[in-house]
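# Structural features, examined
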There are 2 protein chains.
Amino acid sequence: MKLSIERGALLKAVGQAQSVVERRNTIPILANVLIEAEGDTVRFRATDLDIEVVDDAPAKVERAGATTVSAVTLHEIVRKLPDGALVTLTDDGASGRMMVDAGRSNFSLATLPREDFPVMASSEYESNFSAKAPVLRRLFDKSKFAISTEETRYYLNGVYMHVADADGAQVLRCVATDGHRLARIDAPLPEGAANMPGVIVPRKTVGELRKLLDDDEAEIAVSVSETKVRFAAPGITLTSKVIDGTFPDYSRVIPSGNTRRLEVDAAEFAQAVDRVATVSSERSRAVKMALDEDRLVLSVNAPDSGAAEEELAVAYGDDALEIGFNAKYLLEIASQVDRENAVFLFNSAGDPTLMREGNDQTAVYVVMPMRV
Amino acid sequence: MKLSIERGALLKAVGQAQSVVERRNTIPILANVLIEAEGDTVRFRATDLDIEVVDDAPAKVERAGATTVSAVTLHEIVRKLPDGALVTLTDDGASGRMMVDAGRSNFSLATLPREDFPVMASSEYESNFSAKAPVLRRLFDKSKFAISTEETRYYLNGVYMHVADADGAQVLRCVATDGHRLARIDAPLPEGAANMPGVIVPRKTVGELRKLLDDDEAEIAVSVSETKVRFAAPGITLTSKVIDGTFPDYSRVIPSGNTRRLEVDAAEFAQAVDRVATVSSERSRAVKMALDEDRLVLSVNAPDSGAAEEELAVAYGDDALEIGFNAKYLLEIASQVDRENAVFLFNSAGDPTLMREGNDQTAVYVVMPMRV
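If you look chain A up in an unreviewed UniProt entry, it shows as Beta sliding clamp from Kangsaoukella pontilimi. Turning to chain A, the UniProt annotation filed under Subunit (unreviewed entry) states: "Forms a ring-shaped head-to-tail homodimer around DNA." Listed in UniProt under the heading Subcellular location (unreviewed entry), the comment for chain A reads: "Cytoplasm".

Here it is as structure tokens:
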């Protein structure tokens with residue numbers, strides 16, 4: 001194998017590869033990136049056995065071939081090369097080394113045979129559709145904060161992507177929850193997605209996927225089966241197993257009868273919550289919201305360290321209410337609001353509270369209260 | 001006590017205080033900042049029993065008095081208050097609480113009696129002089145990287161500030177070393193410093209001192225005794241115990257007979273060292289320098305992961321030489337060079353190597369080679 005490639009294109013491809021490989025591996029080849037050169041393309045492939053990322057980059061291929069080298073080391077080298085450098089990768093197939101040459105820098109890296117590299121089996125996908133990058137970005141960005149980190153509830157360790165009914169129309173929906181809070185984000189159903197099986201996209205996949213969605217104009221091809229999901233952006237494909245489990249029936253958690261309505265400037269609200277939470281004990285971080293006519297008083301009482309109170313002018317016209325929340329959860333959902341005021345809908349101090357942005361029903365958050 | 005103070009001035013004073021207090025304290029009051037209001041000034045004082053920082057800020061004092069509250073909590077609160085806010089601090093002396101009020105935010109913080117706060121005993125200083133902030137900044141910034149972290153060699157855990165002879169003239173000198181590398185930085189002797197006892201300024205003090213030296217125009221009053229050192233910038237005074245030990249005779253380590261002279265662009269050199277070190281095994285990070293007529297080849301050979309080589313055009317006219325160094329040490333001293341080329345002076349592959357910036361004798365670095 002012998003090929004030349006521009007440093008920028010190489011850095012992008014190897015960057016994505018090294019991010020997928022696990023830092024600590026008992027199987028040495030899983031630390032490597034598979035490099036395959038043919039025609040006028042070089043393909044970089046990396047996997048942790050659950051996720052596979054394949055990146056195609058244009059290259060001047062002098063001699064077709066393939067090999068594998070440490071993804072992290074190659075990435076570090078390329079990162080440190082000067083911008084605009086032309087990089088030559090050479091593998092003679094016999095020495096067990098791949099050469100990396102750029103200007104007056106020469107590296108030789110230990111290789112492992114390409115035959116040993118585990119390539120993910122190709123699958124039949126039941127559903128294929130395409131969506132604009134910003135649509136997918138919104139679905140996952142606004143839901144991922146609620147993903148559970150509890151490994152025992154493995155079926156909550158991802159974002160549940162599925163087709164759902166919203167006001168009689170079908171939508172593409174992402175839901176995540178950890179039992180304390182929940183995010184439900186809807187987008188118009190893309191053509192061809194109607195028969196998509198619901199899948200739980202694992203946390204790590206959501207993180208890697210995010211890197212494919214930066215380009216506002218990019219059209220992302222999505223393929224879904226019962227066991228796998230694939231996202232293909234121009235030049236780069238991410239394939240991932242999905243979590244083998246059943247996502248709970250979240251619809252029962254989303255309150256529909258909450259009538260006490262608070263409307264508040266989200267940024268002001270978040271800053272005030274953050275301030276009063278300063279004195280709370282690390283453990284509980286409980287913030288009390290006391291609501292009365294157009295008036296919200298946020299307060300924290302931590303006997304050891306002190307107390308805090310802040311008043312906000314808000315829109316609230318219902319019966320007085322006192323309700324407590326974990327400050328972290330309030331901050332996280334308030335930071336999802338970017339265009340309009342945050343609207344909270346309460347029932348009682350013991351019931352789940354709903355939050356949304358203005359009257360937008362396509363992004364809905366639920367947060368459980370705590371006793372204060 | 002009751003006073004009002006502008007949020008910016010309060011943040012600066014409390015920021016310095018919370019940085020001095022230790023995060024984990026067995027003595028609760030050491031986590032607190034002492035606040036004393038009198039006249040038109042409020043004084044903030046914090047200590048870890050080795051270092052004391054005193055910050056004076058202008059304030060509108062309605063009722064003189066003093067109290068202590070958690071430095072970290074007060075800093076967090078003030079940091080989160082909006083820019084330009086006017087903050088009122090009130091302590092009634094009876095409730096065991098201090099109120100912090102700003103706009104619609106109200107906090108009450110647990111206090112501890114001011115009488116329990118350990119104020120550092122005042123001292124007689126043998127030497128008092130003043131120096132411009134940039135002069136002190138250079139002395140400590142260029143030497144501190146070489147401070148040892150080995151606690152068993154506690155007398156190396158700081159910067160040795162003393163008066164020394166350099167080419168027949170007296171200079172103010174800072175030296176730090178960990179046995180592997182050494183930095184020796186000189187400045188013209190300030191008036192009144194000639195009889196200063198040599199003191200070892202602890203690492204933490206060097207870090208805190210740095211925050212007093214940002215203003216290029218500031219005149220810093222320095223006071224030194226056998227046991228303490230004090231740095232006073234306008235409005236803020238840092239007093240610190242010095243390390244009770246004898247700094248080794250470093251002059252024996254600095255080679256004077258090294259004749260093989262290499263001159264190299266410091267930035268190019270650092271980048272090349274960084275690149276070839278990528279393949280080195282984490283542990284040794286050994287980089288070999290092979291010198292021959294106007295040519296430097298940097299190389300690393302790590303049997304497990306690979307090899308790297310890079311050639312640099314340099315100025316070198318002496319006998320060929322091969323010598324090995326720890327890549328980290330080479331990078332650190334190369335990054336001290338900011339104006340001119342780096343000049344290395346070698347003797348043999350087993351002897352300490354000297355580095356300086358061009359022909360500047362006021363900043364000299366020594367680094368021990370390692371076998372490669």
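Next, the rest of the story.
According to UniProt, the "domain: DNA polymerase III beta sliding clamp N-terminal" (unreviewed entry) feature falls on residues 1–120 of chain A. Spanning residues 1–120 of chain A, this segment combines 20% helix with 48% strand, and its end C-alpha atoms are found 23 Å apart.

To describe a pair of aromatic rings, you give the distance between the ring centres and the angle between the ring planes. Summed over the entire model, instances satisfying the criterion amount to 13 aromatic pairs over all chains. Measuring from ring centre to ring centre gives 6.2 Å for A:Phe140 and A:Phe231, while their planes differ by 85°; the resulting arrangement is edge-to-face. Of this pair, A:Phe140 sits in helix α3 (residues 133–141) while A:Phe231 is found in strand β16 (residues 228–233), placing the two residues 91 residues apart along the sequence. The exposure classification of A:Phe140 matches that of A:Phe231, with both residues buried. Look at B:Tyr160 and B:Phe247: their rings are 4.8 Å apart centre to centre, the planes differ by 15°, and that puts the pair in the stacked class. One end of the pair, B:Tyr160, is in strand β11 (residues 158–166); the other, B:Phe247, is in the loop between β17 (236–241) and β18 (260–264), with 87 residues separating them in the sequence. The class of B:Tyr160 is buried, set by a relative accessible area of 18%. Judged by its relative accessible area of 7%, B:Phe247 falls in the buried class. One aromatic cluster is present, formed by A:Tyr160, A:Phe247 and A:Tyr250 through successive ring pairs.

Before going further, it helps to examine the sheet that holds strand β22 (residues 315–316) of chain A. All names here are of chain A. Reading across the sheet, the nine strands line up as β14-β11-β12-β13-β26-β25-β24-β18-β22 and stay open at both edges, with antiparallel pairing between neighbours. Of all strands in the sheet, those with a lone pairing partner are β14 (199–202) and β22, marking the two edges. By the bridge criterion, four bridges tie strand β24 (residues 342–346) to strand β25 (residues 353–357) in an arrangement that is antiparallel. Directly across from Val343, in β25, lies its bridge partner Arg356. Lying on the sheet, helix α4 (residues 203–210) is in contact with β11 (158–166) and β14; it crosses β14 at an angle near 70°.

We now examine the sheet that holds strand β14 (residues 199–202) of chain B. Residues and elements named next belong to chain B. Taken in spatial order, the nine strands make up an open sheet running β14-β11-β12-β13-β26-β25-β24-β18-β22, and their pairing is antiparallel. Of all strands in the sheet, those bounded by a partner on one side alone are β14 and β22 (315–316). In the packing of helix α3 (residues 133–141) onto the sheet, contacts are made with β11, β12 (169–177), β13 (181–188), β14 and β26 (360–367), and the angle to β13 comes to roughly 165°.

Residues and elements named next belong to chain A. With burial as the criterion, only one face of strand β8 (residues 97–102) is covered, namely that bearing Met98, Val100 and Ala102; the residues Arg97, Met99 and Asp101 on the opposite face remain uncovered. Where strand β7 (residues 86–91) lies against β8, four bridges are found, and the strand directions are antiparallel. Residue pairing for β8: Leu89 is matched across the bridge by Val100. Bridge count for β8 against strand β9 (residues 105–112) is six bridges, and the pairing is antiparallel. Residue pairing in the sheet places Val100 in a bridge with Phe107 of β9. Linking two consecutive strands that pair antiparallel, namely β8 and β9, is a turn of two residues; a positive phi of about 55° is found at Gly103 within it.

All names here are of chain B. Inspection of the secondary structure assignment puts Ser280 in the loop between α5 (266–277) and β19 (286–292). The exposure class of Ser280 is buried, given its relative accessible area of 11%. One polar contact links the side chain of Ser280 to the main-chain carbonyl oxygen of Ala277, over a distance of 2.8 Å. Not counting chain neighbours up to four residues away, the residues in contact with Ser280 comprise Arg285, Val300 and Ala302.

All names here are of chain A. By the definition in use, this model includes 66 salt bridges over all chains. Put simply, Glu52 and Arg45 hold a salt bridge, and the shortest N to O gap is 3.2 Å. Owing to a relative accessible area of 5%, Glu52 belongs among the buried residues under this scheme. Residues participating in the shared-partner salt-bridge network are Lys142, Asp338, Arg339, Glu340, Glu357 and Asp360.

With 209 residues, the main nonpolar core has A:Phe140, A:Met161, A:Phe269, B:Phe140, B:Met161 and B:Phe269 as its most contacted residues. Once residues lying within four places of it in the same chain are set aside, the contact partners of A:Phe140 are A:Val159, A:Met161, A:Cys174, A:Val201, A:Val206, A:Leu209 and A:Phe231.

Right, let's get into α5(B). Residue and element names in this part refer to chain B. Taking 1.5 Å per residue, 12 residues should reach 16 Å; α5 reaches 16 Å between its end C-alpha atoms and fits that length. Every buried residue belonging to α5 is among Ala266, Phe269, Ala270, Ala272, Val273, Arg275, Val276 and Ala277, and all of these are buried. Taking the backbone nitrogen of Ala267 as reference, a side-chain oxygen 3.1 Å away marks Asp265 as the first, capping residue of α5.

Here we take up the interface of chain A and chain B. Facing the 30 residues of chain A at the interface are 30 residues of chain B. Each partner contributes to the roughly 2400 Å² buried at the junction of chain A and chain B, and carbon and sulfur atoms together form 48% of this total. Of all residues in chain A, A:Lys80, A:Arg104 and A:Arg275 give up the largest surface area on contact with chain B, accounting jointly for 27% of the area buried on that side. Where chain A packs against chain B, one counts four salt bridges. Between B:Asp274 and A:Lys80 there is a salt bridge, with its nearest N and O atoms 3.2 Å apart. Linking chain A with chain B are 20 residue pairs in polar contact (both at pLDDT 80 or more), by the criterion used here.

What counts, and at which threshold
Residues take numbers from 1 onward in each chain, read along the sequence in its written order. Written order determines the labels here, with chains lettered from A and ligands numbered from 1. The predicted origin of the model limits local features to residues at a pLDDT of at least 70 and limits the giving and counting of side-chain atom pairs to 80 or more, whereas totals for whole chains, interfaces and linings rest on all residues. Values reported for side chains reflect all heavy atoms of the structure, with hydrogen atoms and water molecules removed beforehand. UniProt positions are given in the numbering used here, feature names are shortened, and annotations may be inferred rather than shown by experiment. Note on conventions: DSSP H or I runs of at least 4 residues are helices, E runs of at least 2 residues are strands, and numbering of each starts at the N terminus. Ring pairs shown here join Phe, Tyr and Trp side chains whose ring centres sit within 6.5 Å, with only the six-membered ring taken for Trp; geometry is labelled stacked below 30 degrees between planes, edge-to-face above 60, and tilted in between. Residue burial is assigned from relative accessible area. The probe radius is 1.4 Å, only protein chains are included, and a residue is buried under 20% of its type maximum, exposed over 50%, and partly exposed in between. When DSSP finds two or more bridges between two strands, those strands count as paired. Any two residues having at least one pair of non-hydrogen atoms within 4.5 Å are treated as being in contact. Interaxial angles span 0 to 180 degrees and are taken between N-to-C directions of axes, which are lines fitted to C-alpha atoms, for helices over the stretch in contact. Polar contact is the term for a pair of N or O atoms within 3.5 Å; when the atoms are in protein, one must be able to donate a hydrogen and the other to accept it, and sequence-neighboring residues count only if both atoms are side-chain atoms. The working definition used for a salt bridge is a side-chain nitrogen of Lys or Arg within 4 Å of a carboxyl oxygen of Asp or Glu. Put simply, buried Ala, Val, Leu, Ile, Met, Phe, Trp, Tyr and Cys residues joined by side-chain atoms within 4.5 Å make one nonpolar core. Here, expected helix span is obtained from the residue count minus one, scaled by 1.5 Å. Buried area counts how much accessible surface, traced with a 1.4 Å probe, disappears from two parts once they are put together, with both parts' losses summed.

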